[in-house]
Amino acid sequence: SQKIEQNSEALNIQEGKTATLTCNYTNYSPAYLQWYRQDPGRGPVFLLLIRENEKEKRKERLKVTFDTTLKQSLFHITASQPADSATYLCALPTGTASKLTFGTGTRLQVTL
Amino acid sequence: EAQVTQNPRYLITVTGKKLTVTCSQNMNHEYMSWYRQDPGLGLRQIYYSMNVEVTDKGDVPEGYKVSRKEKRNFPLILESPSPNQTSLYFCASSSQMGQPTPPYFGPGTRLLVL
């Protein structure tokens, strides 16, 4: 079955550094992959989508890469700020009818 | 403002007492779904609906019912709640046009079943 893995351990980094989060998947070849931000007790908010034929996508301080050979996506936040502290989820389409399967998320903590 | 609303936001109930969590969206989206989120397990889809009167099971449908009588509403029904349904629930909606379109999520409903 489709498996999506994100590092369950929190990532702690200093303000100004680049945060890199990983999303690995198995047993599937998704046409695209999405990244979301989730704050405690709130619904996920869409950040970026990258398609299988795109190697890299950028949006302001965010960058996503997608390696379909390694079955991995990396999510980077450059010049990180305390306001970037949240849980970040990756999601893949895993069936019909717009079905998305989510990873368990990685919590990012940016300290001063 | 485009939004998905859920009610109630917080609910404490007892085992066996039927409850309904409402979900409504104002974006004329065709696709709606319900997720539950538990520590260590992430978001798991309970049910989804592709349009009015079209619903289907997600990954964890046991103990839940849904209906889609109107395009904007997609209530989640727990006929006989049990403690293992204590969770954080999210409703989401998305358009089927010009896929892929990421879903909008509601604010969540935190349910405690005693």
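Note that the coordinates shown come from a computational prediction; the quantities given were computed from them, not determined experimentally.

About the cut-offs
Residues numbered from 1 in each chain as written. Chains lettered and ligands numbered in written order. Predicted model: local features only at pLDDT ≥ 70, side-chain atom pairs only at ≥ 80, totals over all residues. Heavy atoms only, no water. Helix = DSSP H or I, 4+ residues; strand = E, 2+ residues; numbered from the N terminus. Rg over C-alpha atoms; globule rule 2.2 N^0.38 Å. Buried < 20%, exposed > 50% of the residue type's maximum accessible area, 1.4 Å probe, protein only. Contact = heavy atoms within 4.5 Å. Areas by Shrake-Rupley, 256 points an atom, 1.4 Å probe, with all protein chains shown as cover. Lys, Arg positive; Asp, Glu negative; His and termini not counted. Charge placed at Lys NZ, Arg CZ, Asp CG, Glu CD. Salt bridge = Lys/Arg side-chain N within 4 Å of Asp/Glu carboxyl O. Pairing = 2+ DSSP bridges. Buried area = accessible area lost by both parts, 1.4 Å probe. Polar contact = N/O pair within 3.5 Å; in protein donor to acceptor, adjacent residues only side chain to side chain. Nonpolar A, V, L, I, M, F, W, Y, C, P; charged D, E, K, R; others polar.

**Comments concerning the overall build of chain A**
Along chain A, the regular secondary structure elements total zero helices and 11 strands. Tracing chain A from N to C terminus, the helices and strands come up as β-β-β-β-β-β-β-β-β-β-β. A globule of 112 residues ought to have a C-alpha radius of gyration of about 13 Å, and chain A, at 13 Å, matches this closely. With the C-alpha coordinates aligned to their principal axes, the bounding extent of chain A is approximately 45 × 30 × 20 Å. For chain A, with 112 residues in total, the buried portion stands at 46%. For chain A, the share of sequence-separated contacts (at least 6 apart) that also reach a separation of at least 24 residues comes to 53%. Surface summary for chain A: the accessible area is close to 5700 Å², and the carbon and sulfur share equals 47%. Within chain A, one finds 14 positive and 10 negative side-chain charges whose respective centroids are separated by 2 Å.

**Quick look at the pattern of salt bridges**
Residues and elements named next belong to chain A. Within this structure, the stated rule accounts for 11 salt bridges over all chains. One salt bridge in this structure joins glutamate 5 and lysine 3, with 3.3 Å as the shortest N-O distance. Classification of glutamate 5 by relative accessible area gives partly exposed; the value is 41%. As a salt-bridge pair, glutamate 54 and lysine 57 come within 3.8 Å of each other at their nearest N and O atoms. With relative accessibility at 21%, the residue glutamate 54 sits in the partly exposed group. Salt bridges sharing common partners tie together Glu56, Arg58 and Lys63.

**A word on the pairing of strand β1 (residues 4–7) of chain B**
Residue and element names in this part refer to chain B. The alternating pattern of β1 places Val4 and Gln6 on a buried face, while none of Thr5 and Asn7, on the opposite face, is buried. Bridge analysis of β1 against strand β3 (residues 19–25) gives four bridges, and the strand direction is antiparallel. Looking across to β3, one finds that asparagine 7 is bridged to threonine 22.

**Topic: the interface of chain B and chain A**
Contact with chain B, which involves 22 residues of that partner, is made by 19 residues of chain A. Considering only the surface of chain B that becomes buried against chain A, Leu43(B), Pro100(B) and Pro102(B) emerge as the three largest contributors, covering 31% of it. Counting across the interface, chain B meets chain A through one residue pair in polar contact (both at pLDDT 80 or more). Of all the secondary-structure elements, those providing two or more residues to the side of chain B that touches chain A are β4 (31–38) and β5 (42–51) of chain B. The greatest single-element share of the side of chain B that touches chain A, amounting to five residues, is contributed by β5(B). The residue inventory of the side of chain B that touches chain A, partitioned by class, reads 12 nonpolar, seven polar and three charged.

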